[in-house]
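One-letter residues, chain by chain:
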Amino acid sequence: MASTALALHHMQLPGSTASATLTYTLVRSQRRTIGLEVGSNGLTVRAPLRASHSAIERVLHDKARWIADKLQHMQQRQAAQPRIVWQPQPHTDLPYLGGRLRLQLHPAAPCHGAVLAVGPGQWAVHLPGSAHTSASDLRAQAWAWWLRQAHQLFSERLQHYAPLLGVRWLSLRLSSARTRWGSAHSDGRIMLNAKLLHYRLPVLDYVVAHELAHLHEMNHSPRFWAWVAQVCPDHLALRAELRAHAAPQW
Ligand SMILES: [Zn+2]
């Protein structure tokens, strides 16, 4: 029988970094050696079922330099490409409307999710689930919620900007393409990237205004940009902001 105990542990690092605390996940299983692994969730220590705590700490002391290097490398990589760490417990944080959304699982949460405004730029959503929900189930559930949220908000923004631009849009479709934020068909069909929901509302609004302006001009001519500027005067700065910040991978 393979039994696995999973817990977060802390230990003081030796030497000049005496004040630094190392946090790691300990996974015990039927194996013979103590193994270390640094991933997007930090340090994981894999140990035999009967390995003593002091034996584990000895390995950590011996490998302190290697661990520190690996953790630093991982942090640099994550800073370059924002990533979402999908963990059912205690919560998963996502960039949302330029702020932060905290996903939490509750057994009694409604299946469509319950959104709570926690503070300025901070939201929480409770999705149905428990400590037994897997990370991939959490992600699938979150994505379904995200698409509903995106469709609702994007529709509202299209509703707001279409009359200002004097155009009619026919339908909204969501995409998650990596390279495209939106597109417009001359018959009024609009496609918007669901990942725009990661950005501040003015950035999202710029893309909405951009696609609606295409219903006047199916090109990027000065006349097109004049339509955009009419409802979105700071479109240049917003476009730069969109380019400067990558959306996280799901
Ligand atoms: Zn365009």
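Small disclaimer: the values here were computed from a predicted structure and weren't measured.

Participant: Would you mind showing me how to read the sheet that holds strand β11 (residues 189-193) here?
Facilitator: The strands that make up a sheet pair up through hydrogen bonds in the backbone, lying either parallel or antiparallel. Read from one edge of the open sheet, 3 strands run β9-β11-β10, paired in mixed fashion. Every interior strand has two partners, whereas the edge strands, β9 (171-175) and β10 (182-184), have only one. Each strand axis lies, on average, 15° off the axis of its neighbour in the sheet, ignoring direction. Relative to β11, β10 runs antiparallel, the two being bridged by 3 bridges. Of the residues in β11, the one forming a bridge with Gly182 is Leu192. Across the sheet, helix α3 (residues 135-165) lies against β9 and β11, angled at about 140° from β9, the strand it touches most.

Participant: Any chance you could explain the nonpolar core here in plain terms?
Facilitator: Grouped burial of nonpolar side chains is what soluble globular proteins tend to show. Ranked by internal contacts, the top residues of the largest apolar core, which has 34 residues, are Leu196, Val207, Val208, Ala209 and Leu212. Of all the elements in the fold, those that place two or more residues in this core are β5 (92-96), β6 (99-106), β8 (122-128), α3, β11, α4 (201-213) and α5 (222-231). With 8 residues, the single largest contributor to this core is α4. Composition of this core by domain shows at least three residues from each of domain 2 (92-145) and domain 3 (147-244). Residues in contact with Leu212, not counting those within four places in the same chain, are Leu158, Tyr161, Ala162, Leu165, Val167 and Trp169.

Participant: Sorry if this is basic, but what is going on with the packing of α4 against helix α6 (residues 235-244) here?
Facilitator: Helix-helix packing is characterised by the crossing angle of the two axes and by the distance between the axes. Their axes nearest at 9 Å, the elements α4 and α6 cross at an angle of 105°. What the angle tells us is that α4 and α6 run roughly perpendicular. Seen from α4, the contacting residues are Pro202, Val203 and Tyr206; seen from α6, they are His235, Leu238, Arg239, Glu241 and Leu242. A per-class count over the contact of α4 with α6 returns 5 nonpolar, 1 polar and 2 charged.

Participant: Got a minute to help me understand the environment of Gln149 in this structure?
Facilitator: Structurally, Gln149 can be placed in helix α3. Judged by the 19 C-beta atoms lying within 10 Å of it, Gln149 falls in the partly exposed class.

Participant: Hey, could you run me through the domain arrangement of the chain in this one?
Facilitator: Many authors give the size of an interface as the accessible area that is lost as the parts come together. In terms of domains, the chain is made up of domain 1 (6-80), domain 2 (92-145) and domain 3 (147-244). The gap between the C-alpha centroids of domain 1 and domain 3 is 46 Å.

The rules behind each value
- All chains use their own residue numbering, which begins from 1 and follows the written sequence.
- Per-residue local features of the predicted model are confined to residues with pLDDT of at least 70, and side-chain atom pairs are confined, for both listing and counting, to 80 or more; whole-chain, interface and lining totals are unaffected and use all residues.
- Strands were regarded as paired on the criterion that DSSP finds at least two bridges between them.
- Comment: elements are numbered from the N terminus, with helices defined as DSSP H or I runs of at least four residues and strands as E runs of at least two.
- Throughout, an axis means a line fitted to C-alpha atoms (over the contacting stretch in the case of helices), and angles, computed between N-to-C directions, take values from 0 to 180 degrees.
- Residues are treated as contacting if the C-beta atoms built from their backbones sit within 7 Å of each other.
- To count as a nonpolar core, a set of buried Ala, Val, Leu, Ile, Met, Phe, Trp, Tyr and Cys residues must be joined through C-beta atoms within 7 Å.
- Partly exposed residues are those falling between the two cut-offs: more than 12 but fewer than 20 other C-beta atoms within 10 Å of their own, whereas 20 or more means buried and 12 or fewer means exposed, with C-beta atoms placed from the backbone.
- Note that the domain bounds reflect an automated or database-derived domain assignment.
- Note that the term roughly parallel is reserved for angles under 35 degrees, roughly antiparallel for angles over 145, roughly perpendicular for angles of 65 to 115, and oblique for everything else.
- When residues are sorted by character, Ala, Val, Leu, Ile, Met, Phe, Trp, Tyr, Cys and Pro go into the nonpolar class, Asp, Glu, Lys and Arg into the charged class, and all the rest, Gly among them, into the polar class.

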